[in-house]
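Listed here are the chains, written in short residue letters.
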Amino acid sequence: MKAVVKTREAPGAELVELDVPRPGADEVLVELMAGSICGTDVHIYAWDPGARVYIKHIPQILGHEFAGRIVEVGKDVERFRVGAHVSAETHIYCGTCIQCLNDQRHICETGRIFGLTCNGCFAEYFTIPERVLWKNDPRLPPEIASIQEPLGNAVYCALGDYDEDLDGKSVFIVGDGPIALMAVGVAKAEGARLTIILCRHEKRMEIAEAMGADLVLGDGPDLDETLCDITGGKGFDVVLEMAGSPQAVNLALKWVRIGGRMSAFGIHGEPFVIENYGEYVRSGKKILPISGRRIWQTWQEVAKLLGPEGLDVSPVITHTLPLAEFEKGFDLMTQRPKVSGKVILVP
Ligand SMILES: [Zn+2]
Ligand SMILES: [Zn+2]
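Residues numbered from 1 in each chain as written. Chains lettered and ligands numbered in written order. Predicted model: local features only at pLDDT ≥ 70, side-chain atom pairs only at ≥ 80, totals over all residues. Heavy atoms only, no water.

Enquirer: What am I meant to see in the coordination of the zinc ion (ligand 2) here?
Expert: Reference values for angles at a metal are 109.5 degrees in the four-donor tetrahedral case and 90 or 180 degrees in the six-donor octahedral case. Coordination of the zinc ion (ligand 2) by the protein comes from C94 (SG), C97 (SG), C100 (SG) and C108 (SG), over a distance range of 2.3 to 2.4 Å. Around the zinc ion (ligand 2) sit 4 donor atoms, and with donor-metal-donor angles ranging over 104 to 116° the site reads as tetrahedral. If you list the donors of the zinc ion (ligand 2) from N- to C-terminus, the spacing comes out as C-x2-C-x2-C-x7-C. The exposure classification of C97 matches that of C100, with both residues buried. (Donors = N, O, S within 2.8 Å, 3.2 Å for Na, K, Ca; no water. Tetrahedral: all angles 85-135°; square planar, octahedral: opposite > 155°, others 65-115°. Buried < 20%, exposed > 50% of the residue type's maximum accessible area, 1.4 Å probe, protein only.)

Structure representation (structure tokens):
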């Protein structure tokens, strides 16, 4: 079988011919139908410092976002049969640590991360433990099913830890990555009265509009004045910080209304200053860090949105390529200004 493998501690990856793996007792063997390239994969591919901490074993198969079909099950597998359409939660939780025992499996500290700390899904066949499998509706197109994992990030970000009702609320999204663009559709589908997104790239602005944003803003000297006009100076009920720069975090915090919530999803690796910190404390603004997806509450919400609620995330998918053309896919993801949304690989 063919697989996209990180073969060296250097930028790039190779298409390698490998034996089809055999599933362990608690694993299934999956035939890939569609795999989606994540920003994390791009960091690993480019071999930048942030990515190196994850990769413990080289050679390693890349990829963690997928839709596939089960072709073999291990002897202890109980809930899944051959032929089932599946995707999976990336966090292969341990099930026994303090977080796992407290319904916080998404922040399990001792588990593995599929495609990051162990082999992933950019291969014609791959194995994965039963406990992280999610059963897909076979009617869901594989490209769409393959982006449920990042869509789950968008859902968790938008709704927070307690599935906050967005009905009638105003939502401001800072950042224009694929998950931010999906969050536009999620906020609208969840009933937000006003969904505004701040974008940097023209291509991403187009996608945000197609996702139904009420207003797409670009950065500029008038930004604060515009936000002030829109909100009457009060700020937004919910702000999703999905860019990760110090400026974006400070902008997001500034424009959460008193008592509102900022979901912190963007990651910044260096220390930075939070302006007017005392004011945030006094005003009761809530900061909610978002890591992964709630298992399985977020996945259930994703399935509901893609099913009966009819959320259309197809505008975010801009390219579908054969697995063998993965290099072109990674190039599309790294071009500046941005030319793509989600890039999907199919066998
Ligand atoms: Zn991902
Ligand atoms: Zn655990």
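Enquirer: For this particular structure, what's the right way to read the coordination of the zinc ion (ligand 1)?
Expert: Bound to the zinc ion (ligand 1) on the protein side are C38 (SG), H64 (NE2) and E65 (OE), at distances that span 2.1 to 2.5 Å. The sequence motif formed by the donor residues of the zinc ion (ligand 1) is C-x25-H-E. The pair H64 / E65 is uniform in exposure class, with both members buried.

Enquirer: Hey, could you run me through the environment of G233 in this one?
Expert: In this fold, G233 is placed in the loop between α7 (223-231) and β14 (236-241). Linking G233 and P337, residues 104 residues apart in sequence, is a C-alpha distance of 32 Å. For G233, the residues in contact, after removing those within four places along its chain, are C228 and W255. (Helix = DSSP H or I, 4+ residues; strand = E, 2+ residues; numbered from the N terminus. Contact = heavy atoms within 4.5 Å.)

Enquirer: Looking at this model, I keep getting lost on the layout of surface pockets. Mind explaining?
Expert: Vacant regions in the atomic arrangement are exposed by a probe of water-molecule size rolled over the atoms. When its volume is computed, the second largest pocket comes out at roughly 240 Å³. In terms of lining residues, the second largest pocket is bounded by 20 residues, among which P21, I61, N119, G120 and T127 are the most central. Going through the elements one at a time, β4 (60-61) and β9 (125-129) are the ones with two or more residues in the lining of the second largest pocket. Take the lining of the second largest pocket: its biggest share by element is 5 residues, from β9. Residues belonging to the lining of the second largest pocket are distributed by class as follows: 13 nonpolar, 4 polar and 3 charged. (1 Å grid on protein atoms, 1.4 Å probe; cavity = no way out; pocket = protein on both sides within 12 Å on 5 of 7 lines; lining within 4 Å. Points joined across faces, edges and corners; volume = space filled by probe spheres on them. Nonpolar A, V, L, I, M, F, W, Y, C, P; charged D, E, K, R; others polar.)

Enquirer: Teacher, can you tell me more about the nonpolar core here?
Expert: In a soluble, globular protein the nonpolar side chains are often hidden away together inside. Membership of the largest hydrophobic core comes to 47 residues, with the highest contact counts inside it found for I173, I197 and M242. A total of 8 residues in this core trace back to one element, the largest contributor, which is helix α5 (residues 178-189). When residues of this core are assigned to domains, at least three map to each of domain 1 (2-147 + 313-346) and domain 2 (160-289). Beyond its immediate stretch of four places on either side in the chain, I197 contacts F172, I173, G175, A180, L181, V184, A208, A213, L215, V216 and L217. Judged by nonpolar contacts, the second largest core, of 46 residues, contains I70, V86, W296 and V343. (Core = buried A, V, L, I, M, F, W, Y, C linked by side-chain atoms within 4.5 Å. Domains from an automatic or database assignment.)

Enquirer: What should I look at first to understand the environment of A192 in this one?
Expert: Along the chain, A192 falls in the loop between α5 and β12 (194-199). Measuring from C-alpha to C-alpha, the distance between A192 and R22 comes to 46 Å, with 170 residues separating the pair along the chain. Once residues lying within four places of it in the same chain are set aside, the contact partners of A192 are L166, G168, K169, V171 and A187.

Enquirer: What is the right way to read the sheet that holds strand β13 (residues 215-218) from this model?
Expert: Strand-to-strand pairing in sheets goes through backbone hydrogen bonds, with the strands running parallel or antiparallel. Here we have 6 strands laid out as an open sheet, ordered β13-β12-β11-β14-β15-β16, and parallel in their pairing. Taken across any chain shown, the strands that pair with only one partner, and hence form the sheet edges, are β13 and β16 (286-289). For this sheet, the mean angle separating the axes of adjacent strands, direction not counted, is 20°. As judged from the 5 bridges shared by strand β11 (residues 170-174) and β12, these two strands associate in the parallel manner. Paired with I173 across the strands is I197, a residue of β12. Running over the sheet, α7 touches β11, β12, β13 and β14 and is turned about 155° from β13. (Pairing = 2+ DSSP bridges. Axes fitted to C-alpha atoms, helices over the stretch in contact; angles between N-to-C directions.)

Enquirer: Sorry, what's going on with the domain arrangement of the protein here?
Expert: Accessible area lost on assembly of the parts is the figure often given for the size of an interface. Partitioning the protein into structural domains gives domain 1 (2-147 + 313-346) and domain 2 (160-289). Once you take the C-alpha centre of each, domain 1 and domain 2 turn out to be 29 Å apart. At the interface, 12 residues of domain 1 touch 9 residues of domain 2. Buried surface at the junction of domain 1 and domain 2, both sides included, amounts to about 970 Å², of which 75% is carbon and sulfur. On the domain 1 side of the contact with domain 2, P315, V316 and K338 bury the most area, a combined 49% of that side's loss. Our count for the domain 1 to domain 2 interface comes out at 0 salt bridges. (Buried area = accessible area lost by both parts, 1.4 Å probe. Salt bridge = Lys/Arg side-chain N within 4 Å of Asp/Glu carboxyl O.)

Enquirer: In this structure, what is going on with unusual backbone geometry? I would like to understand it.
Expert: Outside of glycine, negative phi angles account for most residues, and trans bonds account for most peptide bonds. Backbone torsion omega between I58 and P59 reads 5°, so that peptide bond is classified as cis. Positionally, P59 belongs in the loop between α2 (49-52) and β4. R336 connects to P337 through a cis peptide bond whose omega is -10°. Here P337 shows up in the loop between α11 (326-334) and β18 (342-346). A positive phi is found at D103, a non-glycine position, where the angle reads about 55°. Inspection of the secondary structure assignment puts D103 in the loop between β7 (91-92) and β8 (112-113).

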